[in-house]
Amino acid sequence: MQYLFDDFEDDTHRRTGSEALCADAVLLRGFASAEDKAVLDAVKRVVADAPFRRMTTPGGFRMSVAMTNCGPLGWVTDRRGYRYAAVDSDSGKPWPAMPQVLQSLAGRAAEAAGFADFVPDACLINRYEPGARMSLHQDKDEQDFGQPIVSVSLGLPAVFLFGGLRREDKALRVQLLHGDVVVWGGTARLRYHGIAPLKNGSHPLTDDCRINLTFRKAA
Ligand code: SIN
Ligand code: FE2
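Read on for an overview of the structure. It should be emphasised that the depicted structure is a prediction, and the values quoted were computed from it without experimental measurement. (Residues numbered from 1 in each chain as written. Chains lettered and ligands numbered in written order. Predicted model: local features only at pLDDT ≥ 70, side-chain atom pairs only at ≥ 80, totals over all residues. Heavy atoms only, no water.)

1. What to know about the sheet that holds strand β13 (residues 181-184)
- One open sheet holds the seven strands; their spatial order is β1-β2-β13-β10-β15-β8-β3, and the pairing between them is antiparallel. A single partner strand is all that each edge strand has here, and the edge strands are β1 (17-22) and β3 (66-70). Neighbour to neighbour, the strand axes of the sheet diverge by 20° on average, direction disregarded.
- Note: strand β10 (residues 149-155) against strand β15 (residues 210-216), six bridges, orientation antiparallel. Residue pairing in the sheet places glycine 155 in a bridge with arginine 210 of β15.
- Along the sheet, helix α2 (residues 100-112) contacts β2 (25-29), β3, β8 (122-128), β10, β13 and β15; its crossing angle with β10, the most-contacted strand, is approximately 115°. (Pairing = 2+ DSSP bridges. Helix = DSSP H or I, 4+ residues; strand = E, 2+ residues; numbered from the N terminus. Axes fitted to C-alpha atoms, helices over the stretch in contact; angles between N-to-C directions. Contact = heavy atoms within 4.5 Å.)

Written out as structure tokens, the structure is:
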């Protein structure tokens, strides 16, 4: 495997294969491409029951990314804090079940990255419209940091910022394209990461947005 730096001007020659971002973090180029339509159909079914909404941070800011969840647990934020919840407070009902196609994709991607037996209980679905961004953060609301994170990108490209274990560490800038999957765990599990403001564009399957699925074992 090769290490990846920020020269992503010409991505046409590396649409598949895996690239190490650092120890215990792998970019699986195009891993979800073959099942993109099935995955997006599954997302549509989830969204019909649990529509996208822009949540509020504990500090009172409205996030630019719209979110929903599927699976036994959903990641939520409001004035009370960040946490996992079994019930969608908008509907008062449990989050929609995690479609098999999503659960299976996450397990296979984790395995391909060297993390066997990953069975997520939470799938956060993020929708980015042009201008939406996610500032650098750690995923640390889960119980067991021994479990990896699996992150699937669909639709418009985005620049993934992949930092270190301290907020001030310099972040790699990695372009994520439709079908790409990033998996991080082990010594990389608590690395800071984020998404630079999404550029305008149009994608045949998602129109003017990017969809990200983040799978986690939260409980
Ligand atoms: C996240 O960290 O929750 C989302 C990352 C992404 O959109 O790729
Ligand atoms: Fe995250």
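2. Points about helix α1 (residues 36-49)
- Taking 1.5 Å per residue, 14 residues should reach 20 Å; α1 reaches 21 Å between its end C-alpha atoms and fits that length.
- Listing the buried residues of α1 in full gives Asp36, Val39, Leu40, Ala42, Val43 and Val46. Projected onto a plane normal to the axis of α1, the buried residues spread over an arc of 155° and lie on a single side. Projecting away from the buried face of α1 at angles above 90 degrees are the exposed residues Lys37, Lys44 and Ala48. (Expected span 1.5 Å × (residues − 1). Buried < 20%, exposed > 50% of the residue type's maximum accessible area, 1.4 Å probe, protein only. Arc of directions from axis to C-beta.)

3. Some remarks on the pattern of salt bridges
- Counting across every chain of the model gives 12 salt bridges.
- Between arginine 108 and glutamate 35 there is a salt bridge; the shortest N-O distance is 2.8 Å. Note that arginine 108 is positioned in helix α2 and glutamate 35 in the loop between β2 and α1, a separation of 73 residues in sequence.
- We classify glutamate 35 as buried; its relative accessible area is 16%.
- We note a salt bridge from arginine 127 to glutamate 129, for which the minimum N-O separation is 3.6 Å.
- Shared partners join several salt bridges into a network, and the residues in it are Asp139, Glu142, Arg189 and Arg216. (Salt bridge = Lys/Arg side-chain N within 4 Å of Asp/Glu carboxyl O.)

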